[in-house]
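# Structural overview
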Amino acid sequence: MQNKIFYNIRKAQILNDPKIFKKLNQNIWEFRTKYESLQYRILAFWDKESNKVTLVCATHGFVKKTDKVSPKEIEKAEQIRVNYFVKKKKRK
């Protein structure tokens, strides 16, 4: 399962496939991997504040049996994103 998740992440770097990497809202994206009838999801956001590098930050992962991501999981990812940028701003 881990190998397939890493394979899909590498694949998403070179191929725009919404079955693997899909935008959920303005800020949050999901990596999807189906393995043995389960959907493994990793939610993420972009840190584009640098002119040289764009960083994709994973917030958390979970296992689903259905296709739809719950609003609760998206909200959790949004809160992690907000906290990330607040802490990053304090370090400057």
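Figured I'd write up the structure that's included with this text.

### Observations concerning the overall build of the protein chain
Along its length, the protein chain carries two helices and four strands. The N-to-C order of helical and strand elements in the protein chain reads α-β-β-β-β-α. When its C-alpha atoms are laid out on the principal axes, the protein chain stretches across 45 × 30 × 20 Å. Each of the 92 residues in the protein chain was classed as buried or not, and the buried ones make up 35%. The long-range fraction of contacts in the protein chain, counting pairs at least 24 apart against all pairs at least 6 apart in sequence, stands at 39%. For the protein chain, the exposed surface amounts to about 6900 Å²; the carbon and sulfur share of it is 53%. Separation of charge centres in the protein chain, based on 23 positive and 9 negative side chains, amounts to 3 Å.

### Topic: the side chain of lysine 88
You can see lysine 88 is positioned in helix H2 (residues 71-91). One polar contact links lysine 88 to aspartate 47, side chain to side chain, over a distance of 2.6 Å. Other than its neighbours up to four places away in sequence, lysine 88 contacts Asp47 and Glu49.

### A closer look at the side chain of arginine 81
Note that arginine 81 resides in helix H2. Buried and unpaired, arginine 81 has glutamate 78 as its nearest opposite-charge partner, separated by 4.2 Å. The contacts of arginine 81, once residues within four sequence positions are left out, are Asn27, Ile28 and Phe45.

### Some words on the packing of aromatic side chains
Under the counting rule described, the total for this entry stands at seven aromatic pairs. Seen from their ring centres, phenylalanine 21 and tryptophan 46 are 5.9 Å apart, and the 70 degrees between their planes marks the pair as edge-to-face. With phenylalanine 21 in strand E1 (residues 21-23) and tryptophan 46 in strand E3 (residues 38-47), the pair connects residues that are 25 residues apart, well separated along the chain. For phenylalanine 21, a relative accessible area of 11% translates into the label buried.

### Observations regarding the sheet that holds strand E4 (residues 55-64)
The four strands are arranged E1-E2-E3-E4 in an open sheet whose pairing can be described as antiparallel. Sheet topology places E1 and E4 at the edges, where each strand pairs with a single neighbour. Looking at each pair of strands side by side, their axes are set apart by 25 degrees on average, direction ignored. Its contacts with the sheet put helix H1 (residues 2-14) on E1, strand E2 (29-35) and E3, and the angle it makes with E2 is roughly 135 degrees.

Cut-offs used in this document
- Residues numbered from 1 in each chain as written.
- Predicted model: local features only at pLDDT ≥ 70, side-chain atom pairs only at ≥ 80, totals over all residues.
- Heavy atoms only, no water.
- Helix = DSSP H or I, 4+ residues; strand = E, 2+ residues; numbered from the N terminus.
- Buried < 20%, exposed > 50% of the residue type's maximum accessible area, 1.4 Å probe, protein only.
- Contact = heavy atoms within 4.5 Å.
- Areas by Shrake-Rupley, 256 points an atom, 1.4 Å probe, with all protein chains shown as cover.
- Lys, Arg positive; Asp, Glu negative; His and termini not counted.
- Charge placed at Lys NZ, Arg CZ, Asp CG, Glu CD.
- Polar contact = N/O pair within 3.5 Å; in protein donor to acceptor, adjacent residues only side chain to side chain.
- Salt bridge = Lys/Arg side-chain N within 4 Å of Asp/Glu carboxyl O.
- Phe/Tyr/Trp six-rings, centres within 6.5 Å; stacked < 30°, edge-to-face > 60°.
- Pairing = 2+ DSSP bridges.
- Axes fitted to C-alpha atoms, helices over the stretch in contact; angles between N-to-C directions.

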